[in-house]
Amino acid sequence: AADAPEEEAAADAPEEEAAADAPEEEAAADAPEEEAAADAPEEEGATAADAAEDAAAADSPEDALAADAPEDAVAAEEEEAVVVEEPVQAEEEGVQRDGSATYRVHDELEPDDSAGPDEPTRVHAKPVVPEDEPEKAQAAEDEAAKEDAENVEAAQEPTRVHEEEEDDEETAENLAPEGSGEIAEEEALDHTDRQPAEAAQESQEAQDDEQVEESAAGEGAAPEHKDDIQAAEDANQEETAGDQAELADTAEADQDADQKENAEALDQHRVPEAPEPTDAEKQGETPGDTDTLSGEQNAEELAAAAADSGTADGSPQKPEELARDSVKSPTVGSERTSRTGTKVGFTETSPGPSTEKPLKSERSEKELKEPTTFNHSLNLTWAFGVNRFCPALNMQYKLSASDPGRDTLFYTCGNVGVIFDHSENQQTLLQGHSQSISCAAVSEDKRWLVTCDSGRLSSLIVWDTFSAIPVQTIFDPHPNKDSPDTGVAAVAITNDAKYIATCGSSYPQTVHIWDWTSQVGSEPVASAVLSFPPDAPLQNFISFNASDETQLVSNSSNQVVFYSWKDENLEYSAPKVTDQDFNRVVGTLSQSLHAPEGKWVYTATSAGNVVVWAPVKPLNPAKQVVISPIKLKAFKLVKLQEKAITVLTLHDNLIVTGDVSGCVKFYDNQLRMINWYQQWDKVGPINSVSFAYCPGFPYQNPGSRGSNVPTDATIEANKFPIKDFVISTITSKVGKVHSNGTELTLIQSEHDDEIHAIAAHPSRSHLCIASYAGYVKIWDYIQKKTVCEVRIRPRKRANCIAYDPSGKFLALGFTDGSVRVLDSLTLADELKQPFAMSHDAITHIQFSHNSKYLVTADKDMCVAVYKAQFIVGEAPFVYLGKRRAHYKPISGILFGISLDTDTPRLMSVGQDRVLVEYDLANSGDDDLKVISTDKIEQSAVPLCIAWYPPVLKEDFLITASNQFKLKLYNSTTKMCRKTVLGPTYGSPVQRMAILPYIKDPFMETRYLAFATKDKLGLHRLPVLGNPHDAMVTIAHPQGISNMCVSHDARFVFTAGGPDSTVHMWQVYTPALEASAKLGGEDLIPFYDLIEGGKQGQLFRELEDYFYYAMIRSQGVNTMSKRSVSISIPIKEIPFVIRALGFYPTEQEIDDMINEVKFSQYVETGKYVTEIDLNTFIKLYVNHRPAFGMQPKQILDAFQNLGTETLDEKYVIDREDLIELLQNRGEQLNDTEIAEFISVLLGISPEGSVSEIKDFKAIEHDPNILDRLPQEITPDMFSSTILGFPVSPFLAPAGGLRGETAESARQGSAPTSAKSSKSVKMSHSATQAD
């Protein structure tokens, strides 16, 4: 809107509103800086001119100024400013509310002589006069002078009411400067959500911005009389919508012409230093977003980006586009690498409360839903809970009294480190560990943080806490081939952060010293192997000597070890301390440290004692003997208290202890108590005390007026100033004590036991978490605050939880078999007595879609149903009945909806491979009826079930099995209609949840969230078997105990079970879509699943068998003309499949044929009778075993079916084997058994289905079964009968012995008679591993 009237710049923030919200006195404080320099002569100083120059452009939107400023205005910044005597207070250089920086065009400043004698001298921007454009420069001066007069009149009459509407419409259009309409739109957005206190100031600032733009533009003619100005204002204020649209078209036409000028202006632009804040800002104006950069930094970065980037057509990118990109590209929630720090908070993850409201525009609302920096489909945005076994660390630092510093703390949540800013309620997430973090340490200046884990693929990571970036990663710091549980049990870092010490977590235990800042930081500079017996407790604590970094001390529960290292040598000594040494109980050792002067070492114990270790003195003091620093002995046992001491640390020269009762005590070097804190109720046993880094503390006299510094416990009662410190407890509580007082601020109070029960509200942003501690807590996951919490007494272990679809009730199932129904907002119990109809733990709980039924499944393999009753004053649910329809544990229950009615359908599936549907309509009191029972698997075990979304025309159920398969079953006939290869990420899918359908451009495709043992993933639908359709991330290394999805499909929540944490993952589907596109289309992803790919031997054989089946279907010996086709009859599928080394059962063959046969029945009403090569490839890849046939399967079968001999072999008798084949599983008759044995033993390679002749094995040799050995061993069965080559690794793994195993070790082929084809195909099948 290039020609829009300038008055529209403040259309949404009129002067009347500014005057109403700010009295005249405050308006004077917020007035433009030009008024602050009243009557300042031109020749007496440059300070005010410089300040006014900064203020003149301080708040004008960078995109509007850069887009509309002409080249001569940009060139004006190269001239020197005219001097003005009196200083003008400049406004603080800031950023817009949308996070984008503010560009300024710097012009010369000169005093305005047009002001009256009683008016303050105004300073306006004077553009530099180029030599070739004197007339244009003069016009700019006239425009600036007369605009000042207009602003003076507007300031003197803030409550003027515009009465004239349409008289001077043409004059107003001529007066409007270019780009003023665009500024009006930006200012309207900017003023929409400002605080009332800001409106008065920024209304005046908008006028200053217009003044700078008009003086820079040098275009347009100002009116000569005030009447003309008033008429223009009145006409422009009431301009119609049609005129605005016409002006917008004009602006669009001028846009291309301005692009070149924008790029040149940005290239020449420079940003001055930030001026001092205004009085209004000093008096408490709401700050901008704390996570955005300063205006100067943003301006520099955007200017650089504008110079180096351009649009798609090669033209420079506009500054408004750069600013918009800077808003849309926060560093929040991103996973730039596998190890990254992610800062999240209210304004960054969701539209929660913040220091300011978001702009109410389409762009801001869209940005909240469209994260642009995510590179993964699931991105961790928040972590609920605290790892009670890993101590919390105080990350606060303050360098001086005037330094605001940083007030944060660190704790762990599973494998994620959290730097928590409790004042802003923001988390910076440190992701990089594949196992749960076991220990952590921070440098004295709080800059460098070390985190370690323990387990498979363990690592040590050093983080820069200022940027949350990992600067050093050491993989497998304590390798141990004999133990899978490798990793770090304890870690320490020197005060200068140069060296790190670690203790291993496996036997034999090792201790390493790391110089992580050097080029060889991945290798220890010194190491020692502790020679303790395997049953000795591990060293679980280590610390450096603060005064000598070459000395260390560590301890376990009963052993203290002293270390001294020089160069590459690390020496240690392990003196003993027992109860007999002091004739009293010493107790279990907890922590150790060197005394402040470094001579003695203190060790705290569980009996309230402190063991004092002193250097060993020589026997002959006259001799000059050098005493080793590690030669210490237990010198004294000091009784400090009765209760166990759990923490021992230093604060300056004081010794600090924490105990099991939650007390923190301070002692001097002689262990004399100075002060203590013990009035904290129910915080629990302390496991860490961590102090802030404040050099020069205390910053003021502790005895000054207004100081709340406590006094110590001595007789003198001296003031006792201490730095802020953080405590954490083993009950998952984290609190902070401020130096100016003794009150404890509880920052975190979380679950201190396993979490298995989580559920998301069906319509609110509420997440309910219940744990084994009997603690039920509801979070608002958008605002990150607690809504309600309750502890169930006596302590109950909640195992599962569910919201009803209306959101009114919350049902909990407990490990004792009881069921409670609570109010979803207040957590008040809705039942007089809990339901107690189950004899074992409740494992599943769910409501029907209409909230009329509540169903539970328990470990007793029973399904219980409760029916809703709508009677005022009565319980909301009553018991209906239960049924034991499974004989193995229940894997899942689910409610569905009948196709033609709104009647709920209830189904359950168990590890007995049975799918049961219940008859709710005909069930009576204590009588739950069953409609159908269907066995849906033969060998695979279903692990979870869900109702498939309507992405297809049929109604399906989807199941996941332990064989890494996903299967679709028709919900009515229970027929298996599709089998695909599921996600193969270490363990099979154990939980599934369909993301709700949301009308969103990012949700055009439906998605399935799934969880394996320790990973969380997202799968796009429909399921096809394409491995690129799924992405996963490590969620909880100790196992995912439960998962749920938010009602708006934006978040997925996972519970970690033993780690007592819940993680919130934001869904970003474009990353998954991009992964699927990059993986290829059609058959390209499936070629990669075949050994050797499309050019490999297996694929060539597949083509050969397929085309041979085509010939075979027309008759091998036929003499008639053959028809060439691209498909084969579906009856040939099993023969080609078996030729490729995949041996399905008859039911699996039926499933494959039915999948092809009914694939188009719903659309066309016809059966498919042929299959082409492309469809066959997908069918083969999806149905064959995910990892081929494993030797372990044969060993397990013999262990289950055979008998053990004296030499620990497992054998099956020949008659027993024939009986099993005839009576178990898919039963075989004598003719079929004889035929198969003749083929396997090489008697008749083609069998009865030979294309050459008709062959009957039982007629050819009636005693053919006697050719089998009397006793069959696993190696004989696999090599002699089946013809599989025996791998050398099979013998030690399964104990295979005998002739065949020995020949396999020597590399020779088995000597049994068999067809070469069967051997080759079986070998190809094993390559699938």
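Note that this is a predicted model, so its numbers are computed, not measured.

1. Quick word on the side chain of D515
Topologically, D515 is positioned in the loop between β15 (510–514) and β16 (526–529). A distance of 3.1 Å separates a polar atom in the side chain of D515 from a polar atom in the side chain of T517. When neighbours within four sequence positions are excluded, D515 is seen to be in contact with K498, Y499, G521 and V525.

2. Focus: the pairing of β15
Successive side chains on a regular strand alternate, one facing one side of the sheet and the next facing the other. Within β15, five of the five residues are buried, which leaves it mostly tucked inside the rest of the structure. Burial along β15 is two-sided: T510, H512 and W514 facing one way and V511 and I513 facing the other are all buried. With four bridges connecting them, strand β14 (residues 500–504) and β15 associate as antiparallel partners. Note that in β15 the partner of A501 across the bridge is I513. Where β14 folds back on β15, the antiparallel hairpin that results is connected by five residues.

3. Structural notes on the sheet that holds strand β46 (residues 914–924)
Taken in spatial order, the four strands of this open sheet run β44-β45-β46-β47, and their pairing is antiparallel. Single-partner strands in this sheet number two, and they are β44 (890–897) and β47 (927–935). Going from strand to strand, the sheet's axes swing by 25° on average, the running direction of each strand aside. Relative to β47, β46 is paired through seven bridges, and the arrangement is antiparallel. The residue bridging L915 from the neighbouring strand is D934, located in β47.

4. Side note on the confidence of the model for the protein chain
The share of residues in the protein chain with pLDDT of 70 or more is 66%, and the mean pLDDT across the chain is 75. Across residues 344–371 the pLDDT falls below 50, and counting only partners more than four positions away or on other chains, this stretch makes 69 contacts in the model.

5. Comments concerning the packing of helix α25 (residues 1191–1201) against helix α29 (residues 1274–1281)
Close contact between α25 and α29 brings their axes to 9 Å; oriented N to C, the two are set at 130°. Comparing the axis directions of α25 and α29 gives the class oblique. Seen along the crossing, α25 lies across α29 with a hand that is right-handed. Taking contact as the criterion, the partners of I1194, L1195 and F1198 in α25 are, on α29, P1274, F1277 and S1278.

6. A short note on the sheet that holds strand β39 (residues 819–823)
Remark on secondary structure: sheet strands pair via backbone hydrogen bonds, oriented parallel or antiparallel. Strand order in the open sheet formed by three strands is β37-β38-β39, and the pairing between neighbours is antiparallel. What marks the edges here is a single partner per strand, and that holds for β37 (798–803) and β39. Direction aside, the axes of adjacent strands within the sheet are offset by 25° on average. Two strands pair when backbone bridges link them, and β37 and strand β38 (residues 809–814) are joined in this way by five bridges, in the antiparallel orientation. Bridge pairing links I801 to L812 in β38.

Definitions and cut-offs
- Residues numbered from 1 in each chain as written.
- Predicted model: local features only at pLDDT ≥ 70, side-chain atom pairs only at ≥ 80, totals over all residues.
- Heavy atoms only, no water.
- Helix = DSSP H or I, 4+ residues; strand = E, 2+ residues; numbered from the N terminus.
- Polar contact = N/O pair within 3.5 Å; in protein donor to acceptor, adjacent residues only side chain to side chain.
- Contact = heavy atoms within 4.5 Å.
- Buried < 20%, exposed > 50% of the residue type's maximum accessible area, 1.4 Å probe, protein only.
- Pairing = 2+ DSSP bridges.
- Axes fitted to C-alpha atoms, helices over the stretch in contact; angles between N-to-C directions.
- pLDDT = per-residue confidence, 0-100.
- Parallel < 35°, antiparallel > 145°, perpendicular 65-115°, else oblique.
- Left-handed = near helix turned anticlockwise from the far one by under 90°.

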